[in-house]
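What follows is each chain in one-letter form.
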Amino acid sequence: MIFFSKSFVREVKKLSKKNRGLKKDVITLANQIESQKVEGDRIPGFSNDVVLKVRLQNAENKKGKSSGYIIIYCVQKKEDYYFLSIYSKNELSTLTAKDIQKYIKSMTQ
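These figures come from a predicted structure and were not determined experimentally. (Residues numbered from 1 in each chain as written. Predicted model: local features only at pLDDT ≥ 70, side-chain atom pairs only at ≥ 80, totals over all residues. Heavy atoms only, no water.)

The next thing to look at is a positive patch on the surface. Taken together, K13, K14, K17 and K23 make up a surface patch of like positive charges. Structurally, the position occupied by K17 is in the loop between α1 (6–15) and α2 (22–34). In this structure K17 comes out as exposed when scored by relative accessible area, which is 67%. (Patch = residues over 30% accessible without salt bridge, like charges linked within 9 Å, V, L, I, M, F, W, Y side chains within 5 Å. Areas by Shrake-Rupley, 256 points an atom, 1.4 Å probe, with all protein chains shown as cover. Salt bridge = Lys/Arg side-chain N within 4 Å of Asp/Glu carboxyl O. Lys, Arg positive; Asp, Glu negative; His and termini not counted. Charge placed at Lys NZ, Arg CZ, Asp CG, Glu CD. Helix = DSSP H or I, 4+ residues; strand = E, 2+ residues; numbered from the N terminus. Buried < 20%, exposed > 50% of the residue type's maximum accessible area, 1.4 Å probe, protein only.)

Okay, structure coming up:
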């Protein structure tokens, strides 16, 4: 099952002002992750949680990977996918482990 954190929804809303097709792209990717057609790269440093990142191409801007988005998500119980954060690769290069941990804590409270 897919869960979207409040902060994730807020970030998508903000980013979709520049890219109107983002919401559709996120839903498509979420369905692919849930059906295990797409799997992200594991982010090291989280002993209790499986945290992954996946690249999402900006469908409206065909400039390659550098113009896309990064989605951070957490997997629990092998079937539950918690979408924690999304950011544009043009605006932010990476999230720190501390930032990601805050997102995880906010999902579990």
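Next comes the rest of the description.
This part is about the packing of α1 against α2. One can describe the packing of α1 onto α2 by two numbers: an axis separation of 9 Å at closest approach and a directional angle of 140 degrees. In terms of orientation, α1 and α2 fall into the oblique class. The residues of α2 that touch α1, namely those facing F8, V12 and L15, are L22, K23 and V26. For the contact of α1 with α2, the per-class residue count stands at 5 nonpolar, no polar and 1 charged. (Axes fitted to C-alpha atoms, helices over the stretch in contact; angles between N-to-C directions. Parallel < 35°, antiparallel > 145°, perpendicular 65-115°, else oblique. Contact = heavy atoms within 4.5 Å. Nonpolar A, V, L, I, M, F, W, Y, C, P; charged D, E, K, R; others polar.)

Our focus in this paragraph is the side chain of S88. Here S88 lies in strand β5 (residues 80–88). Overall, S88 belongs to the buried group, its relative accessible area being 7%. Leaving out residues up to four positions away in the same chain, S88 has contacts with L15, G68 and Y69.

Let's shift gears to the pairing of strand β3 (residues 50–56). Note: strand β2 (residues 41–42) against β3, 2 bridges, orientation antiparallel. Residue pairing for β3: D41 is matched across the bridge by K53. Sheet topology places β3 next to strand β4 (residues 69–76); 7 bridges connect them, and they run antiparallel. Bridging from a neighbouring strand, L56 pairs with Y69 of β4. (Pairing = 2+ DSSP bridges.)

Of all the 8 residues making up β4, 7 are buried; the element is thus mostly covered by neighbouring parts of the structure. With 8 bridges connecting them, β4 and β5 associate as antiparallel partners. Bridge pairing in β5 links Q76 to D80.

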